[in-house]
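Remarks on the overall topology
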Amino acid sequence: MVREEIKAQTKLGRIMKEYSDKGKLGPDEIMIKILAKRLRKPDCKKGCILDGFPRTIKQAEALNRILMIDLVINLDVPDEIIIQRLSNRLTCKRCGAVYNKLTLKPKRDNLCDKCGGELYQREDDKPKIIQERLKVYRKKTEPLIEYYKKKGLLKDVRCDDLMIPPEVIVEKIKLIINRFQKSK
Ligand SMILES: [Zn+2]
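Residues numbered from 1 in each chain as written. Predicted model: local features only at pLDDT ≥ 70, side-chain atom pairs only at ≥ 80, totals over all residues. Heavy atoms only, no water.

1. A closer look at the sheet that holds strand 4 (residues 119-120)
- Here we have three strands laid out as an open sheet, ordered 3-2-4, and antiparallel in their pairing. Every other strand in the sheet has two partners, leaving strand 3 (98-100) and strand 4 as the edge strands with one partner each.
- With three bridges connecting them, strand 2 (residues 89-92) and strand 3 associate as antiparallel partners. If you follow threonine 91 over to strand 3, its bridge partner there is valine 98. (Pairing = 2+ DSSP bridges. Helix = DSSP H or I, 4+ residues; strand = E, 2+ residues; numbered from the N terminus.)

2. Comments concerning the coordination of the zinc ion
- Taken together, the protein donors to the zinc ion comprise Cys92 (SG), Cys95 (SG), Cys112 (SG) and Cys115 (SG), at separations of 2.3 to 2.4 Å.
- Coordination at the zinc ion comes from four donor atoms whose angles at the metal span 99 to 115°, giving a geometry best classed as tetrahedral.
- Of note, the zinc ion draws all its donor residues from one chain, in the sequence arrangement C-x2-C-x16-C-x2-C. (Donors = N, O, S within 2.8 Å, 3.2 Å for Na, K, Ca; no water. Tetrahedral: all angles 85-135°; square planar, octahedral: opposite > 155°, others 65-115°.)

3. Structural notes on the pattern of salt bridges
- Across all of its chains, the model carries 17 salt bridges by this definition.
- Between lysine 17 and aspartate 21 there is a salt bridge, with its nearest N and O atoms 2.7 Å apart. Of the two residues, lysine 17 and aspartate 21 both sit in helix 2 (residues 11-21), four residues apart, roughly one turn of that helix.
- Salt bridges linked by common partners bring Asp76, Arg158 and Asp160 together as one network. (Salt bridge = Lys/Arg side-chain N within 4 Å of Asp/Glu carboxyl O.)

4. Brief notes about the packing of aromatic side chains
- Under the defined criterion, the tally for this structure stands at one aromatic pair.
- Ring geometry for tyrosine 147 and tyrosine 148: centres 5.0 Å apart, planes at 80°, overall edge-to-face. Considered together, tyrosine 147 and tyrosine 148 belong to a single accessibility category, that of buried residues. (Phe/Tyr/Trp six-rings, centres within 6.5 Å; stacked < 30°, edge-to-face > 60°. Buried < 20%, exposed > 50% of the residue type's maximum accessible area, 1.4 Å probe, protein only.)

5. Examining helix 6 (residues 127-141)
- Helix length check: helix 6 (15 residues) gives 20 Å between terminal C-alpha atoms against 21 Å at 1.5 Å per residue, within 8%.
- Packing partners of the buried residues in helix 6 comprise helix 2, helix 5 (79-87) and helix 7 (143-150). (Expected span 1.5 Å × (residues − 1). Contact = heavy atoms within 4.5 Å.)

6. A word on the environment of isoleucine 82
- Residue position: isoleucine 82 is located in helix 5.
- Isoleucine 82 gets classed as partly exposed once you look at its relative accessible area, which sits at 24%.
- The spacing of isoleucine 82 and isoleucine 130 is 48 residues in sequence and 8.7 Å in space, taken between C-alpha atoms.
- Setting aside residues up to four positions removed in sequence, isoleucine 82 forms contacts with Val77 and Leu134.

7. With respect to the packing of helix 5 against helix 6
- Remark: helix 5 packs on helix 6, axes separated minimally by 11 Å, with the N-to-C direction vectors making an angle of 140°. In terms of axis orientation, helix 5 runs oblique to helix 6. The chirality of how helix 5 crosses helix 6 is right-handed. Listed contacts from helix 6 to Asp79, Ile82, Ile83, Leu86 and Ser87 of helix 5 are Ile130, Gln131, Arg133, Leu134 and Arg138. (Axes fitted to C-alpha atoms, helices over the stretch in contact; angles between N-to-C directions. Parallel < 35°, antiparallel > 145°, perpendicular 65-115°, else oblique. Left-handed = near helix turned anticlockwise from the far one by under 90°.)

8. Quick look at helix 7
- Looking at helix 7, one finds that the buried residues are Leu144, Tyr147 and Tyr148. Seen along its axis, helix 7 keeps its buried residues to an arc of 85°; they face one direction.
- Just downstream of helix 7 lies glycine 152, where phi reads positive at about 75°. (Arc of directions from axis to C-beta.)

All we've got here are geometric facts, nothing functional implied.
This is the structure we're talking about:
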């Protein structure tokens, strides 16, 4: 959603881009504004999955005021895997499709399979910025694990092998969601 705002060069998007280029999180009040706007669309009536949000306790508290949360899934990934994955990630300049030099290579070097656009390394996927993102994660996001554990909502999915295909992780997540729905 943030990337959409950035791409559309809205006022909110321009503010968020400055933060994201430095590996930093945008201000909470702007994140919540973007989210609340999105949740009002009809496709959210039956529920939604938030990917990578909230990232701070303050955001989680703000979220409680606009949404009731059923389940929180923590993708538990060791730092070295995160570094390997991000530092090898390539993004299409034209359509935003994501590739990986190790695990998901494009058919032609540096060109997007889907649209033929040029691939590049995002500013926030460069090593120095990755370190900064991990630091920010420890300080601001990791406390959410305790926060949601105490509420009894947290489920961990461990991903400690770079070569595990994303579909396998998706299946594990679906299993957790199915189990939850049956228990309701
Ligand atoms: Zn593309």
